[in-house]
Amino acid sequence: MAAAHLLVWAVCVLRVALATVYFQEEFLDGERWRNRWVQSTNDSQLGHFRLSSGKFYGHKQKDKGLQTTQNARFYAISARFKPFSNKGKTLVIQYTVKHEQKMDCGGGYVKVFPADVDQKNLNGKSQYYVMFGPDICGFDIKQVHVILHFKNQYHSNKKPIRCKVDGFTHLYTLILRPDLTYEVKIDGQAIESGSIEYDWNLTSLKKMEKSSAESEDREQKSEDKSQDWEKHFLDAGAGKPSDWNSELDGDWPAVMLQKPPYQDGLKPEGIEKDVWLHQKMKNTNYLTEYDLSEFENIGAIGLELWQVRSGTIFDNFLITDDEEYAENFGKATWGETKGPEREMDDIQAKEELKRAREEDEEERLLMDKLNGKENVFKRFHRRNEL
């Protein structure tokens, strides 16, 4: 039994060692987070963040995160890390978000930026690679955004993914795999998955690129006559010999000629008609370059959003290439505090209900007392009248 436990422990350690963690933030060192996160100064009206675990929590220290503090404001803040490319690798983006103010309209999503993003000037026009997370506004918008940047355009997942709308902390996970499959998880449970190519409406883009590539091929044939005169062609003037018997000799092989080299502006003599055999290979770049989930220079993560009512807390940020590591990290953070958080909220709710009842009782007693005095006054007044 001890050997089995030791083997499991060794496998876990090996798994962690193999995982690449590009960014991880739990805000466990107090105000030192300000040395890692840069507040945008693009607009003097941008809202500010503070470190807080909120009004209720599972662990006062572990649940501390970046909390929005001002109503009806835009927010823009980011943290930089060592740039990397996820080409040929899985990309996992994960974090927790808590709308303890019961969000009515505002964003709770994160953005992953190129390494050259201007952090001090971060704003809504700053280019990003990935935007992921919940967005709530009124009764209509309660969705999880998954927006990817590809060929200078932003592409949204066409599948509606509903987000959590209560006031508790929730774990959001996005997995982009090199085989162009993806998965979205909330609280560790898969709620959507599929093909990036189809779920982002990219089959039409693929057809457009293919059509464009074939059009370029046709145009290429009529351009640049000064190139490739070394190619072979059929001698259109040569005829089949009169004594050629197709039944005995088979199909007659056409005479092949080779175009001689020539200088620009000069045309080879004796060649008026020709039939090209070696057509240029069709352009297939639209297939090999068609990889939406690869980003060459990932180097920052941030919050760039709008909120009507503030109070949202962002925590437990993670960017890695290992799905299992992300799962274990989620269990070690959100998984450990989600239960106690709900228990504290339940206790506070009962205390508030108790206080409300006590206040109602005090108000009732006061009203009874006032009514009693009023009745005494009325009786006294009637005696004086008699």
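Notes on the structure in this doc start here. (Residues numbered from 1 in each chain as written. Predicted model: local features only at pLDDT ≥ 70, side-chain atom pairs only at ≥ 80, totals over all residues. Heavy atoms only, no water.)

## Points about the packing of aromatic side chains
Argument step 1. Taken as a whole, this structure holds 17 aromatic pairs when the rule is applied.
Argument step 2. Each ring, one from Phe56 and one from Phe168, has its centre 5.9 Å from the other, and the planes form 75 degrees; the classification is edge-to-face. In this pair, Phe56 is assigned in the loop between β3 (49-52) and β4 (65-68) and Phe168 in the loop between β11 (153-156) and β12 (169-176), connecting sequence segments 112 residues apart.
Argument step 3. The buried category is assigned to Phe56, whose relative accessible area is 8%.
Argument step 4. Among the residues examined, Phe168 registers a relative accessible area of 15% and is labelled buried.
Argument step 5. By way of ring pairs, the aromatic residues Tyr22, Phe23, Phe27, Trp37, Phe81, Phe84, Tyr95, Phe132, Tyr172 and Phe317 are connected into one cluster.
Argument step 6. Here the basic side chain of Arg342 rests over the ring of Phe168, its NZ or CZ set 4.0 Å away from the ring centre. (Phe/Tyr/Trp six-rings, centres within 6.5 Å; stacked < 30°, edge-to-face > 60°. Helix = DSSP H or I, 4+ residues; strand = E, 2+ residues; numbered from the N terminus. Buried < 20%, exposed > 50% of the residue type's maximum accessible area, 1.4 Å probe, protein only. Lys NZ or Arg CZ within 6 Å of the ring centre and 35° of its normal.)

## Quick look at unusual backbone geometry
Argument step 1. Backbone geometry at Ala72 places phi at a positive 50 degrees, although glycine is not the residue there.
Argument step 2. As for its placement among the helices and strands, Ala72 is situated in the loop between β4 and β5 (73-84).
Argument step 3. For Lys151, which is not glycine, the phi dihedral falls at a positive 55 degrees.
Argument step 4. Looking at the secondary structure, you find Lys151 in the loop between β10 (141-150) and β11.
Argument step 5. Among the residues examined, Lys151 registers a relative accessible area of 41% and is labelled partly exposed.

## Some points on empty space enclosed by the protein
Argument step 1. With the rule as written, the count across this model stands at two cavities of 30 Å³ or more.
Argument step 2. Lining the largest cavity are Ser53, Asp63, Thr96, Lys98, Thr169, Ile313, Asp315, Asn316 and Glu341.
Argument step 3. Elements that contribute at least two residues to the lining of the largest cavity include exactly β6 (91-99) and β19 (312-320).
Argument step 4. Here the lining of the largest cavity takes three residues from β19, the largest share from any one element.
Argument step 5. Split by residue class, the lining of the largest cavity holds one nonpolar, four polar and four charged.
Argument step 6. Counted as a void, the second largest cavity has a volume near 40 Å³.
Argument step 7. Surrounding the second largest cavity, Val97, His99, Pro134, Lys164, Asp166, Phe168, His170 and Tyr172 form its lining. (1 Å grid on protein atoms, 1.4 Å probe; cavity = no way out; pocket = protein on both sides within 12 Å on 5 of 7 lines; lining within 4 Å. Points joined across faces, edges and corners; volume = space filled by probe spheres on them. Nonpolar A, V, L, I, M, F, W, Y, C, P; charged D, E, K, R; others polar.)

## Quick notes on the side chain of Glu192
Argument step 1. Residue position: Glu192 is located in strand β14 (residues 189-195).
Argument step 2. Ignoring any residue separated from it by four or fewer positions in sequence, one finds Glu192 in contact with Lys159, Ile161, Tyr182, Glu183 and Val184. (Contact = heavy atoms within 4.5 Å.)

## Points about the side chain of Glu25
Argument step 1. If you trace the backbone, Glu25 turns up in strand β1 (residues 21-25).
Argument step 2. Looking at Glu25, its side chain comes within polar contact range of the side chain of Trp37, at 3.0 Å.
Argument step 3. With residues near it in sequence (within four places) discarded, Glu25 still touches Arg36, Trp37, Asp315, Asn316 and Phe317. (Polar contact = N/O pair within 3.5 Å; in protein donor to acceptor, adjacent residues only side chain to side chain.)

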